[in-house]
Amino acid sequence: ENNTYSYEVIKDIADYLLDRTTIRPLIGIICGSGLNSIADMITDTKVFEYEDIPNFPVSTVEGHVGRMIFGYLENMPVMAMQGRFHYYEGYPLAKCSMPVRVMKLVGVRYLMATNAAGGLNSKFKVGDIMLVRDHINIMGFAGNSPLQGPNDPRFGPRFPPMTNAYNAHLIKIAKQVAKDMGIENEIHEGVYTCLGGPNYETVAELRMLRTMGVDAVGMSTVHEVITARHCDLTVFAFSLITNKCATGYDSSEDEANHEEVVTVGRSRQAVCGELLCRVIREIAKECPNK
Ligand SMILES: Nc1nc2ncn(CCNC(CO)CO)c2c(=O)[nH]1
């Protein structure tokens, strides 16, 4: 059943974590495929393996470990998920997104989500970073939403708005940070969509998505962001473009494969980590009493 995580169960998980660390995170981070080293930058850590957290799901995807890391980045208290849950693993979207509600009840105010994605926009090169300006919730078009089922008003409203789901101020900061880092020609802004997976897309599906204005395709993030906006977290997200989507039928177009996704992720995680830390540094300046 979609909403197997009641407020009370989520609260118990949050309390389990809060009882075992004095760290009180303001920022929640989700590490995408191959981007686990972002969490390795966190200092003064308290690490929880997912399997040790009562009622928490476990990650089953290669390239995804399964632990929640509390600690500090740029002197900001954070909690980071190394390994997330995907719909293609057989988890309902509400289960994939429940860690965001745990973050909310732990006291987090910002969600920073990263993912690996296929580049659909022809301007994107492998290794580029796309700041998510907006998303298209394709799975929601068929009624598949993490918010399906009874609404608990303690999290948020029955019908939450999704305009400006991705905070424009943080996108502006990220673009300035990219300029400071000298990577403005590897940074883009665009629309992300999440498909159920685990199969990659057909050429016809990719052409349809491109026609609909999608710039990058993945299998995560959208439902986590919907859940985050429902409980009023400020959202920042970026996609690491790990491969170009094949939009032609000639065999020269490279076929997506997971090993390549993780390899590119690992090769670009330093710049991804640097970008995230510099945005956090700017957030820290705006949160005097952290
Ligand atoms: N064409 C295409 N290229 C991609 N590169 C990474 N991902 C994100 C999905 N990552 C999966 C499998 O690599 C693991 O979660 C995708 C995708 O969904 N589609």
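Structure's up top.
If you're wondering where the values come from, they're calculated on a predicted model, not measured in any experiment.

Turning our attention to the packing of aromatic side chains. A complete count under the given rule lists 8 aromatic pairs for this structure. An angle of 65 degrees between the planes, with centres 5.7 Å apart, marks the rings of Phe56 and Phe85 as edge-to-face. Separated by 29 residues along the polypeptide, Phe56 in the loop between β2 (43-49) and β3 (67-73) and Phe85 in the loop between β4 (76-82) and α3 (93-106) bring together distant segments of the chain. Like Phe56, the residue Phe85 is buried in the burial classification. Against the face of Tyr16 rests Arg20, its NZ or CZ located 3.7 Å from the ring centre. In this arrangement the basic side chain of Arg101 is found over the ring face of Phe155, its NZ or CZ atom lying 4.2 Å from the centre.

Taking 1.5 Å as the rise per residue, α3 with 14 residues should run 20 Å; its terminal C-alpha atoms sit 21 Å apart, in good agreement. Maximal helix bending in α3 amounts to about 35 degrees, located at Pro99. For α3, the tally of buried residues reaches 12 of 14 residues, placing the bulk of the element in the interior. All of the buried residues along α3 are Leu93, Ala94, Cys96, Ser97, Met98, Pro99, Val100, Arg101, Val102, Met103, Leu105 and Val106.

What follows covers the site of the ligand. Close to the ligand lie 16 residues, the nearest being Tyr88, Tyr200, Glu201, Asn243 and His258. Interatomic distance of 3.3 Å between a side-chain N/O atom of Thr242 and a nitrogen atom of the ligand. Considered on its own, the ligand offers 440 Å² of accessible surface; in the complex 95% of this is hidden by protein. For the shell around the ligand, the secondary-structure elements that each account for two or more residues are β5 (110-119), β8 (216-218), β9 (234-244) and α8 (258-286). Ranked by residue count, the leading element in the shell around the ligand is β5, at 3 residues. Considering only residue class, the shell around the ligand consists of 8 nonpolar, 7 polar and 1 charged.

Counting buried positions along β5 yields 10 of 10 residues, so the element is predominantly enclosed. In this structure, strand β1 (residues 27-31) lies alongside β5, joined through 4 bridges in parallel fashion. Pairing of Ile30 across the sheet is with Ala113, part of β5. The pairing of β5 with β9 spans 10 bridges and is classified as parallel. Paired with Asn115 across the bridge in β9 is Ser239. Looking at chain direction, β5 and β8 are connected through 2 bridges and run antiparallel. Among the inter-strand pairings, Gly119 is bridged to a residue of β8, identified as Ala216.

What counts and how
Residues numbered from 1 in each chain as written. Predicted model: local features only at pLDDT ≥ 70, side-chain atom pairs only at ≥ 80, totals over all residues. Heavy atoms only, no water. Phe/Tyr/Trp six-rings, centres within 6.5 Å; stacked < 30°, edge-to-face > 60°. Helix = DSSP H or I, 4+ residues; strand = E, 2+ residues; numbered from the N terminus. Buried < 20%, exposed > 50% of the residue type's maximum accessible area, 1.4 Å probe, protein only. Lys NZ or Arg CZ within 6 Å of the ring centre and 35° of its normal. Expected span 1.5 Å × (residues − 1). Bend = angle between axes of the 7 residues up to and from the residue. Near = heavy atom within 4 Å. Polar contact = N/O pair within 3.5 Å; in protein donor to acceptor, adjacent residues only side chain to side chain. Areas by Shrake-Rupley, 256 points an atom, 1.4 Å probe, with all protein chains shown as cover. Nonpolar A, V, L, I, M, F, W, Y, C, P; charged D, E, K, R; others polar. Pairing = 2+ DSSP bridges.

Scope: geometric values only; no functional claims are made or implied.
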